[in-house]
Amino acid sequence: MSIQIVEKSGEGLSRVYGVTVPVGELNERLTAKIEEIRPKMNLKGFRPGKVPAAHVRKLYGKGLMQEIVQEAVTEGQSKALADAKRRPAAEPDINLDQAVFNEVLEGRGDLAFDLSFELMPEFEPMDF
């Protein structure tokens with residue numbers, strides 16, 4: 001997946017990363033997921049496994065895209081932490097704008113969100 005990660009802020013132990021997943025990548029994943037489930041579908045009016053991809057997209061596109069967005073957010077979070085080689089002190093906060101989310105669900109916009117977290121401080125144990 002072609003995830004783009006940019007460090008937006010890095011003051012003290014606080015970090016904010018901007019994560020972007022291109023709309024083309026999301027649409028490719030949606031098409032792949034539709035092709036994966038299409039042969040198993042059994043809808044009224046169609047022979048088993050013969051439901052057209054466009055019909056599946058119309059009926060289940062937004063639900064499938066929500067799953068893809070969740071996977072992309074999880075991948076983006078783990079990739080940002082791995083690339084930065086940082087240990088967060090707690091679960092990172094994900095800030096995803098609702099307007100951006102709606103554009104993504106309709107397949108018209110890039111998935112862009114901010115990932116903010118506090119770092120675990122580095123320290124050396126003392127010998128008493």
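In the block above lies the structure referred to throughout.
The rules we used
- Residues numbered from 1 in each chain as written.
- Predicted model: local features only at pLDDT ≥ 70, side-chain atom pairs only at ≥ 80, totals over all residues.
- Heavy atoms only, no water.
- Helix = DSSP H or I, 4+ residues; strand = E, 2+ residues; numbered from the N terminus.
- Buried < 20%, exposed > 50% of the residue type's maximum accessible area, 1.4 Å probe, protein only.
- Contact = heavy atoms within 4.5 Å.
- Expected span 1.5 Å × (residues − 1).
- Core = buried A, V, L, I, M, F, W, Y, C linked by side-chain atoms within 4.5 Å.
- Phe/Tyr/Trp six-rings, centres within 6.5 Å; stacked < 30°, edge-to-face > 60°.
- Pairing = 2+ DSSP bridges.

Draft legend 1. Up close: the environment of Pro121. In this fold, Pro121 is placed in the segment after strand 4 (111-118). The partly exposed category is assigned to Pro121, whose relative accessible area is 39%. A C-alpha to C-alpha distance of 8.3 Å links Pro121 and Ala89, two positions 32 residues apart in sequence.

Draft legend 2. How the structure looks around the environment of Ala99. Among the structural elements, Ala99 can be located in helix 3 (residues 98-105). In this structure Ala99 comes out as partly exposed when scored by relative accessible area, which is 48%. Separated by 96 residues in the primary sequence, Ala99 and Ile3 place their C-alpha atoms 20 Å from one another.

Draft legend 3. Broad picture of the side chain of Arg15. Looking at where Arg15 falls in the secondary structure, it is placed in strand 2 (residues 14-21). When residues no more than four places from it in sequence are discounted, the contact partners of Arg15 are Glu7, Ser9, Gly10, Arg86, Leu115, Ser116, Phe117 and Leu119.

Draft legend 4. Layout of helix 1 (residues 23-37). Taking 1.5 Å of rise per residue, 15 residues should cover 21 Å, and helix 1 covers 21 Å from first to last C-alpha, within 8% of that figure. Here helix 1 has its buried residues at Glu25, Leu26, Arg29, Leu30, Lys33 and Ile34. Against the buried residues of helix 1 lie strand 2, helix 2 (53-84), helix 3 and strand 4.

Draft legend 5. Representation of the nonpolar core in the model. Core analysis: the biggest nonpolar cluster contains 21 residues, and Val21, Leu26, Leu30, Met65, Val69 and Leu111 have the highest contact counts within it. At the level of secondary structure, the elements contributing two or more residues to this core comprise strand 2, helix 1, helix 2, helix 3 and strand 4. The element best represented in this core is helix 2, accounting for seven residues. In this structure, Val69 is in contact with Phe101, Val104 and Leu111, ignoring residues within four places of it in sequence. The next biggest cluster of nonpolar side chains, apart from the first, holds seven residues, and it includes Leu81, Ala84, Leu115 and Phe117.

Draft legend 6. A look at the packing of aromatic side chains. Using the criterion set out here, one finds one aromatic pair in the structure. Judged by centre distance (5.8 Å) and plane angle (10°), the rings of Tyr17 and Phe117 are stacked. Of this pair, Tyr17 sits in strand 2 while Phe117 is found in strand 4, placing the two residues 100 residues apart along the sequence. According to the relative accessible area criterion, Tyr17 is buried, its value standing at 5%.

Draft legend 7. View of the environment of Glu103. Secondary-structure assignment places Glu103 in helix 3. Between the alpha carbons of Glu103 and Val23 there is a distance of 9.6 Å; along the sequence they are 80 residues apart. What Glu103 contacts, discounting residues up to four positions off in sequence, is Arg108 and Gly109.

Draft legend 8. Representation of the pairing of strand 4. As defined by bridge partners, strand 2 adjoins strand 4 across eight bridges and the pair is classed as antiparallel. For Ser14, the partnering residue across the bridge sits in strand 4 and is Glu118. As paired elements, strand 3 (residues 93-95) and strand 4 share three bridges and run antiparallel to each other. For Ile94, the partnering residue across the bridge sits in strand 4 and is Leu115.

Any functional reading would require information beyond the geometric quantities listed.
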